[in-house]
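Chains, contacts and geometry: an overview
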Amino acid sequence: MPRWVAHLLVVVAFAALIAVAFARVNYAWNWAGVWEYRQKFVQGWLTTVGLSLAALVASTLIGTLAALCLASRRPLVEAIGRVYVELIRGTPLLVQLLIGFYVIASAVGLENRFVVGVLVLSLFSGAYMAEIFRGGLAAIPQTQRDSARAIGLTPWQTLRLVILPQALRLVLPPVAGQLVSLIKDSSLLSVIAISEFTLAAQEVNAFTYSTLESYLPLAAGYLVLTLPLSALSRWLESRVSFEA
Amino acid sequence: MKLDVRDLVQQFDGTTVLDRLALATGDIQALVLVGPSGGGKSTLLRILAGLDVPTAGSIAFDGQPLPRDEAALRDYRKTVGTVFQAYNLFPHLSALDNLLLPLIHVHGLSPAAARDRVREPLERFQLAAHAHKRPAELSGGQKQRIAILRALVVRPRRLFFDEPTSALDPEMTAEVLEMIGELKALGTQFVLVTHEMGFARRVADELAFIGDGRVLAHGSAEEIFDRCAVPRVHDFFGRILV
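About the criteria used
- Residues numbered from 1 in each chain as written.
- Chains lettered and ligands numbered in written order.
- Predicted model: local features only at pLDDT ≥ 70, side-chain atom pairs only at ≥ 80, totals over all residues.
- Axes fitted to C-alpha atoms, helices over the stretch in contact; angles between N-to-C directions.
- Helix = DSSP H or I, 4+ residues; strand = E, 2+ residues; numbered from the N terminus.
- Parallel < 35°, antiparallel > 145°, perpendicular 65-115°, else oblique.
- Left-handed = near helix turned anticlockwise from the far one by under 90°.
- Contact = placed C-beta atoms within 7 Å.
- Buried ≥ 20, exposed ≤ 12 C-beta atoms within 10 Å, placed from the backbone.
- Pairing = 2+ DSSP bridges.
- pLDDT = per-residue confidence, 0-100.
- Expected span 1.5 Å × (residues − 1).
- Core = buried A, V, L, I, M, F, W, Y, C linked by C-beta atoms within 7 Å.

**Quick word on the packing of helix α6 (residues 113-138) of chain A against helix α8 (residues 155-185) of chain A**
Residue and element names in this part refer to chain A. For the pair α6 and α8, the least separation of the axes is 9 Å and the interaxial angle reads 155°. With respect to each other, α6 and α8 are oriented roughly antiparallel. The handedness of the crossing between α6 and α8 comes out as right-handed. Within the contact between the two elements, α6 uses Leu-121, Phe-124, Ser-125, Tyr-128, Met-129, Ile-132, Phe-133, Gly-136 and Leu-137 and α8 uses Ile-163, Ala-167, Leu-170, Val-171, Pro-174, Val-175, Gln-178, Leu-182 and Asp-185.

Written out as structure tokens, the structure is:
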């Protein structure tokens, strides 16, 4: 059986299961009520896309910086990277958002919710990116650096011509996976009242009392973003295998 | 080449790997280092190749002392070639691009000139058919031969081989040793660390037996293999040469 047929089969079976479940609870659909607020969904979805794109760029930068800290031979620099990564990865994003927005951002007079949201989300995702990048660099065997030195490359040439081209291929798949997480994690920005996709659904639900009609489009809207990324990640993974 | 090593000490985290090692060779083409694993052969070779800086001591090739600072050592490394046990090649580049990389980025040749430079050596060592393959598509022996070629095409003063066949099966070992034998015939100077005693005997102008971080014996192949009175050396060959 071709793979796409198998996928289709599983999707159809799953959809049938859900349909049966809905039929049994006799859910009274009210799509008309929700349809009136479609503009809100579109706005929210676009905000989520914008947030995610901004956080994608910022978290890559932060992750690169933190990975360099982690790889540093200076104890203090390494410690900064390590404490940042462990602190962020070990605590809930919700808490980071609340502290970031109500305490730190207020203290420094930063009032733009969107900016604060992107910053906190980027710091959160950056910690995971840092570990991915550090792992990618560490995965390049020492003999590659030795060989590079032996032929007379400078440290910068070694990084540019030998280490990065290999490390980049290694980290692309996990980075794509991290981006999927980032997009979904952006839904938490609703707690600091950023009108992104999730908050839009919450509001429509509050207006229409049609919970499922509000949240099902939410799920679909996220899938539209995350499925292509997952596909990209798998495709990249299949291309990494230059080392049999 | 005429190698002069004096009072060479190499310590890693308090462990002494080379212990006031001294070695003065005649004006020879091929020096082979043999001895037990962990005895210091590879450590010595890495220092000779300009990859590591010793804790103390001095080294001179043909009267020219090896520098200690990294910038000067890099210039030195450009004039020699080193081949390790395995994973010499860059896996993201084809065999050909592996050969071109040092020519273009270290020695400043134009891509066209670099291609010209590698064409004839690729033919001579029957590697032209594999030039466009990635390392993962090459056999272990082919990989090592490309690695040797990469060291060779920059026209180095001498080559350093660090157990170039230790990761290979006997057939591939023979293939790589044959190439090193050809280089000997072509007049290439080299220092070789190996466990292939038969080949060592055949190719060495001088042999040094390294153990416990020192030169335990030094001389011609016959002197080391057949007439060495040093018990440590005698026992070693007694154990491995059946």
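**Section: the pairing of strand β8 (residues 190-193) of chain B**
Residues and elements named next belong to chain B. Burial of the side chains of β8 extends over both faces: Phe-190 and Leu-192 are buried on one face and Val-191 and Val-193 on the other. Judged from the four bridges that link them, strand β3 (residues 30-34) and β8 form a sheet pairing that is parallel. Considered in β8, the bridge of Leu-31 is made with Val-191. Of the strand pairs in this sheet, strand β7 (residues 158-162) and β8 are connected by four bridges, and their pairing is parallel.

**A look at the confidence of the model for chain B**
Regions with low pLDDT carry predicted coordinates that are not meant to be interpreted in detail. Residue and element names in this part refer to chain B. Across chain B, pLDDT averages 94, with 99% of residues at or above 70. The element-level mean pLDDT for chain B is lowest in helix α9 (residues 231-240), coming to 87, with β8 highest at 98. Interface confidence in the predicted complex, given as ipTM, is 0.90; pTM for the same model is 0.80.

**A closer look at the sheet that holds strand β5 (residues 64-65) of chain B**
Residues and elements named next belong to chain B. Pairing within the open sheet is antiparallel, and its four strands lie in the order β2-β1-β4-β5. Bordering the open sheet on either side are β2 (15-24) and β5, each of which pairs with just one other strand. Of the pairings in the sheet, the one linking strand β1 (residues 3-12) to strand β4 (residues 56-61) comprises five bridges and is antiparallel in character. Residue pairing in the sheet places Asp-4 in a bridge with Ala-60 of β4. Each of β1, β2 and β4 touches helix α1 (residues 41-48); the most contacted strand, β2, lies at about 65° to it.

**What to know about helix α4 (residues 75-90) of chain A**
Here α4 of chain A contains 16 residues, and its C-alpha end-to-end distance of 22 Å stays within 8% of the 22 Å for a straight helix at 1.5 Å per residue. Residues of α4 of chain A that are buried make contact with α3 (38-70), α5 (93-107) and α6 of chain A.

**Brief notes about the nonpolar core**
In this structure, Val-32, Leu-33, Phe-160 and Phe-209 of chain B are the most contacted members of the largest nonpolar core, which totals 72 residues. Once residues within four sequence positions are removed from consideration, Phe-209 of chain B is found in contact with Val-34, Gly-35, Val-215, Leu-216, Ala-217, Ile-224 and Val-233 of chain B. Residues Val-34, Phe-124, Phe-133 and Val-171 of chain A belong to the second largest nonpolar core, which totals 43 residues.

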